[in-house]
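Spelled out, the chains give:
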Amino acid sequence: IAKRVHDTVLIGGGYHFTSYAKATFTVDIESNAIVQRQFTTHSNENADADSNIESIVASWSGETEAILSVPLAYTDRVIERYSDELKQANVGSWLQADPSADIAITNAGGIRIDLPRGVIDVGTVVALMPFDNTIIATELSGATVRSVLDSGNRPVIGGLTRRGNRWVLNSSGEALADNQTYRV
């Protein structure tokens, strides 16, 4: 895709870099206005490699490989991406990082791969959760937490366990109270 729709430019490359889109703008410096726009798409298949780009990629690959290969842990088995065990390890780590929090909530779509058997390095963690996520702590009433859990799209919950038709805090064994405030 490479086109203008009203005042918006839509640009998208191909799957696995099989093509790319390019936008070129000519700006009149005096009036600070765009005077010409050109949008094109280009096939990347069977193209010759650009030695300058290859050099840049090789340089960064070497630097990032050193960082990504730092070992962090080891597991003697595969832990599947959709398993409750991996989901709970994720939200459980957030509760450990913030001991003042009662509950941790995220969506199930953030985990992208199975945790492989063997050494777990920084690269594995980046592949597991390849997003620049930000953890936000807030105070919510029990009623709001319950609403999120009941209406959320595949929520992954830490610090709470469902027992029958009620939610129970893991830390105290007490039922989630609608009028109480919780750190989430």
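In short, a report on the structure. (Residues numbered from 1 in each chain as written. Predicted model: local features only at pLDDT ≥ 70, side-chain atom pairs only at ≥ 80, totals over all residues. Heavy atoms only, no water.)

Core analysis: the biggest nonpolar cluster contains 10 residues, these being I103, V145, L149, I157, L160, W167, L169, L176, Y182 and V184. Elements supplying a minimum of two residues to this core: α4 (142-151) and β11 (166-169). Among all residues touching L176, those that are not within four sequence positions of it are I103, G142, V145, R146, L160, W167 and Y182. (Core = buried A, V, L, I, M, F, W, Y, C linked by side-chain atoms within 4.5 Å. Buried < 20%, exposed > 50% of the residue type's maximum accessible area, 1.4 Å probe, protein only. Helix = DSSP H or I, 4+ residues; strand = E, 2+ residues; numbered from the N terminus. Contact = heavy atoms within 4.5 Å.)

What follows deals with the pattern of salt bridges. Under the criterion given, the structure shown has 4 salt bridges. In this structure, D98 engages R183 in a salt bridge whose closest nitrogen and oxygen atoms are separated by 3.0 Å. Placement of the pair is D98 in the loop between α2 (84-97) and β6 (104-107) and R183 in strand β12 (residues 181-183), with a sequence separation of 85 residues. A salt bridge links D178 to R146; the nearest nitrogen and oxygen atoms lie 2.8 Å apart. With D178 in the loop between β11 and β12 and R146 in helix α4, the pair connects residues that are 32 residues apart, well separated along the chain. By relative accessible area, D178 is classed as partly exposed at 41%. Its relative accessible area of 22% is what places R146 among the partly exposed residues. Salt bridges linked by common partners bring D98, E139 and R183 together as one network. (Salt bridge = Lys/Arg side-chain N within 4 Å of Asp/Glu carboxyl O.)

Note that N179 resides in the loop between β11 and β12. Judged by relative accessible area, which is 72%, N179 ranks as exposed. In this structure, the C-alpha to C-alpha distance between N179 and L115, residues 64 residues apart in sequence, is 39 Å.

Once that is clear, we can look at the packing of aromatic side chains. By convention here, two paired aromatic rings are described through the distance between centres and the angle between planes. As enumerated under the stated definition, the model contains 1 aromatic pair in all. Relative to F39, the ring of F25 has its centre 6.0 Å away and its plane inclined at 70°; by these criteria the two rings are edge-to-face. With F25 in strand β3 (residues 19-28) and F39 in strand β4 (residues 33-43), this residue pair connects regions lying 14 residues apart in the sequence. (Phe/Tyr/Trp six-rings, centres within 6.5 Å; stacked < 30°, edge-to-face > 60°.)

Below, the discussion takes up a nonpolar patch on the surface. A cluster of nonpolar residues, V9, I11, F25, V27 and I34, forms a patch on the protein surface that exposes about 380 Å² of accessible area. Breaking the nonpolar patch down by element, the ones donating at least two residues are β2 (8-11) and β3. On the secondary structure map, I11 appears in strand β2. (Patch = residues over 30% accessible without salt bridge, like charges linked within 9 Å, V, L, I, M, F, W, Y side chains within 5 Å. Areas by Shrake-Rupley, 256 points an atom, 1.4 Å probe, with all protein chains shown as cover.)

Structural measurements only, silent on function.
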